[in-house]
Amino acid sequence: MPAIVQDLVEAAQLLATGIAGAGPGGTVILSGAGLSTESGIPDYRGPTGRARPATPMTFAEFTGSAASRQRYWARSHRGWRQIAQAAPNAGHRGVADLQRDGRLAGVITQNVDGLHQAAGADGVIELHGGLARVICLDCRQLTGREQLHARLAAANPAAAAAAAGQAKPDGDVDLAEAEVARFRLVDCAGCSGMLKPDVVFFGENVPPERVASCYRLVESSKLLVVLGSSLTVASGFRFVRRAAAHQIPVLIANQGQTRGDPYAEARLDVPLGALLSATATAVPCG
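Given the structure is predicted, the values throughout are model-derived calculations rather than measurements.

Another point: the overall build of the protein. Along the protein, the regular secondary structure elements total 11 helices and 9 strands. For the protein, the C-alpha radius of gyration of 20 Å lies close to 19 Å, the compact-globule estimate for 286 residues. Projecting the C-alpha coordinates of the protein onto the three principal axes gives extents of approximately 55 × 40 × 30 Å. The buried share of the protein, reckoned over its 286 residues, is 49%. For the protein, long-range pairs separated by at least 24 residues make up 73% of all intrachain contacts whose partners lie at least 6 apart in sequence.

Put into structure tokens, the structure is as follows:
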């Protein structure tokens, strides 16, 4: 048996044993960008574990500068096609299967792509929000991203006809400054207010009630499984620390080192799609 296959079999058995030992409804999943790479959405650190070069938009930049909003929406509008067309992979389906079998207490994701839900998972807590929704910062109305996409396409026919480009982890693409300068924004259809994707930007805080819900979920679990997250940002890492503080075992499946490794009972470094497929098959139904 090739080494990678042997590693995968052993990792799936270890993960399945942990989930089975946690009992029905005893496991919480915390997922990150690494789970979605097999769906064609790049992660933040790449296969080497080194951070990809990027200058993410901050909340202060977005709200404080019309030019920054123009740059954000021009790039995000072009990248949305790839995000919207992405399909769940075997990892997302494996998580949904475990939930349908009664094994999961809940799913927390740092991802904003909606692929857990597309695979059939219910009650997913989107820690950082979701790109499929848009919020007006003035009247707080939520609308679907497809509705905004259609309005932006009508206002920017040249952009609508252009090639989509390769989306980055946050769903945007690199564009020439001339393309950005030609891009026309649209405002809230209800109050003409400022529109923002319903995601947590750098410099923004995750809503406290969302964090509290995640803490309660973790504290009531018997096992925390981390999938595809380097845990570099505090918003996800705090749940690993909370689990450890409550003596709840942590299993981490990620290709590359993570910030949570010192807290983990086991680290699994194998492809996540194959791992979750094999695990969902190996765990007895709840």
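For the pair helix α3 (residues 66–85) and helix α6 (residues 145–155), the least separation of the axes is 11 Å and the interaxial angle reads 125°. In terms of orientation, α3 lies oblique with respect to α6. Handedness of the α3/α6 crossing: left-handed. Contacts from W73, S76, H77, W80, R81 and A84 in α3 reach R145, E146, L148, H149, L152 and A153 in α6. Classifying every residue of the contact of α3 with α6 gives 6 nonpolar, 3 polar and 3 charged.

This brings us to the sheet that holds strand β3 (residues 125–126). Sheet architecture is open: 6 strands sit in the order β3-β2-β1-β7-β8-β9, paired in parallel fashion. In the strand order of this sheet, the two ends are held by β3 and β9 (266–268), each with one partner. In the sheet, strand β1 (residues 27–31) pairs with strand β2 (residues 104–109) via 5 bridges, with the strands oriented parallel. From the neighbouring strand, V28 faces β2, where its bridge partner is G106. Seen against the sheet, helix α4 (residues 90–100) touches β1, β2 and β7 (223–227) and runs at an angle of roughly 150° to β2. Across the face of the sheet, helix α10 (residues 234–245) comes into contact with β1, β7 and β8 (250–253) while running at roughly 150° to β7.

A full pass over the atoms with the stated rule returns 6 aromatic pairs. Between F62 and Y72, the ring centres sit 5.6 Å apart and the planes meet at 85°, which makes this aromatic pair edge-to-face. Linking F62 in helix α2 (residues 59–64) with Y72 in helix α3, this pair joins segments that are 10 residues apart in sequence. Across the pair, exposure class does not vary: F62 and Y72 are buried alike.

Right, let's talk about the nonpolar core for a bit. If you look at the biggest cluster of nonpolar residues, it comprises 28 residues, and the most contacted ones within it are L15, I29, V95, L98, V225, L227 and L275. Mapped by element, the contributors of at least two residues to this core are α1 (3–22), α4, β2, β7, β8, β9 and α11 (272–282). When residues in this core are grouped by element, the largest group, 7 residues, is from α1. In this view, L227 contacts I29, L30, S31, G32, L35, V95, A253, L272 and L276; residues no more than four positions away in its chain are not counted.

With that out of the way, let us pick up the side chain of H149. The residue H149 is located in helix α6 in this model. On the basis of relative accessibility, which here comes to 16%, the residue H149 falls in the buried class. If we skip the residues at most four places from it in the chain, H149 touches H77, W80 and R81.

Within the open sheet, the 3 strands sit side by side as β5-β4-β6. Their pairing is antiparallel. The open sheet is flanked by β5 (142–144) and β6 (195–199), the only strands paired with a single partner. Ignoring which end each strand starts from, the neighbouring axes of this sheet average 45° apart. Examined bridge by bridge, strand β4 (residues 129–136) and β5 share 3 bridges and lie antiparallel to one another. By the bridge assignment for β5, R133 is matched with G144. Together, β4 and β6 form the strand contacts of α3, whose direction differs from that of β4 by roughly 140°.

Scoring rules and cut-offs
Residues numbered from 1 in each chain as written. Predicted model: local features only at pLDDT ≥ 70, side-chain atom pairs only at ≥ 80, totals over all residues. Heavy atoms only, no water. Helix = DSSP H or I, 4+ residues; strand = E, 2+ residues; numbered from the N terminus. Rg over C-alpha atoms; globule rule 2.2 N^0.38 Å. Buried < 20%, exposed > 50% of the residue type's maximum accessible area, 1.4 Å probe, protein only. Contact = heavy atoms within 4.5 Å. Axes fitted to C-alpha atoms, helices over the stretch in contact; angles between N-to-C directions. Parallel < 35°, antiparallel > 145°, perpendicular 65-115°, else oblique. Left-handed = near helix turned anticlockwise from the far one by under 90°. Nonpolar A, V, L, I, M, F, W, Y, C, P; charged D, E, K, R; others polar. Pairing = 2+ DSSP bridges. Phe/Tyr/Trp six-rings, centres within 6.5 Å; stacked < 30°, edge-to-face > 60°. Core = buried A, V, L, I, M, F, W, Y, C linked by side-chain atoms within 4.5 Å.

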